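Observations on the three-dimensional arrangement
The lines below spell out each chain.
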Amino acid sequence: MNASGVVVGLATRPDDEADVFRYQNGSVTFLKPPPGDWHVYPTPAINAAGDIVVNAEPRHSSGGSGSIAFYWPAGSDTAVVL
């Protein structure tokens, strides 16, 4: 959670993968990753401005193989790859 009360986290789907969400002003928004089949980990982080980042790797990789970072600028629900 940042100083403005915006919370980010992971919500587990029935297939045991997780989606990044933002909770702000009483509403939950699920944030869109870039195209592909991704596994996000370990937890997203948010800064004071509301920018969100999280690590990701191709879904069937492990140990950080092919790892990248996703970035959602404050207020955006579509990720940029860093």
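Residues numbered from 1 in each chain as written. Predicted model: local features only at pLDDT ≥ 70, side-chain atom pairs only at ≥ 80, totals over all residues. Heavy atoms only, no water.

**Quick notes on the sheet that holds strand β2 (residues 18-24)**
We apply this condition: Strands are treated as partners if at least two bridges between them are detected by DSSP. Numbering of helices and strands starts at the N terminus; helices are DSSP runs of H or I of at least 4 residues and strands are runs of E of at least 2. Fitting a line to C-alpha atoms yields each axis, with helices limited to the stretch in contact; the angle taken between N-to-C directions then spans 0 to 180 degrees.
As summarised here, the arrangement of the three strands in space is β1-β2-β3, forming an open sheet in which the pairing is antiparallel. If you trace the sheet from one side to the other, it starts and ends with β1 (7-12) and β3 (27-30), each paired once. On average, adjacent strands in this sheet sit at an angle of 35° to one another, irrespective of strand direction. As judged from the six bridges shared by β1 and β2, these two strands associate in the antiparallel manner.

**Some points on the confidence of the model for the protein**
As a reminder of what qualifies: What pLDDT expresses is the predictor's confidence in each residue, scored from 0 to 100.
For the protein, per-residue confidence averages 95 on the pLDDT scale, and 100% of positions sit at 70 or higher. When the elements of the protein are averaged for pLDDT, strand β4 (residues 38-46) gives the smallest value, 95, and β3 the largest, 98.

**Side note on the sheet that holds strand β5 (residues 52-58)**
What the four strands build is an open sheet, ordered β4-β5-β6-β7; its pairing is antiparallel. Here the strands that pair on one side only, and so sit at the sheet edges, are β4 and β7 (80-81).

**Thoughts on the nonpolar core**
Cut-off, in case you're wondering: What is meant by a nonpolar core is a set of buried Ala, Val, Leu, Ile, Met, Phe, Trp, Tyr and Cys residues, joined one to another through side-chain atoms within 4.5 Å. For the exposure calls, accessible area comes from a 1.4 Å probe over protein chains only, and a residue counts as buried if that area is under 20% of its type's maximum, exposed if over 50%, partly exposed in between. The contact criterion used throughout is that any non-hydrogen atoms of two residues lie within 4.5 Å.
If you look at the biggest cluster of nonpolar residues, it comprises 14 residues, and the most contacted ones within it are V20, V40, I52, V54, F70 and W72. Sorting the residues of this core by element identifies β2, β4, β5 and β6 (68-72) as the ones contributing at least two each. Contact partners of F70, with chain neighbours within four places excluded, come to P33, P34, W38, V40, I52, V53, V54, A56, A79, V80 and V81.

**Considerations on the side chain of N2**
Along the chain, N2 falls in the segment before β1. Once residues lying within four places of it in the same chain are set aside, the contact partners of N2 are I46, N47, A48 and G50.

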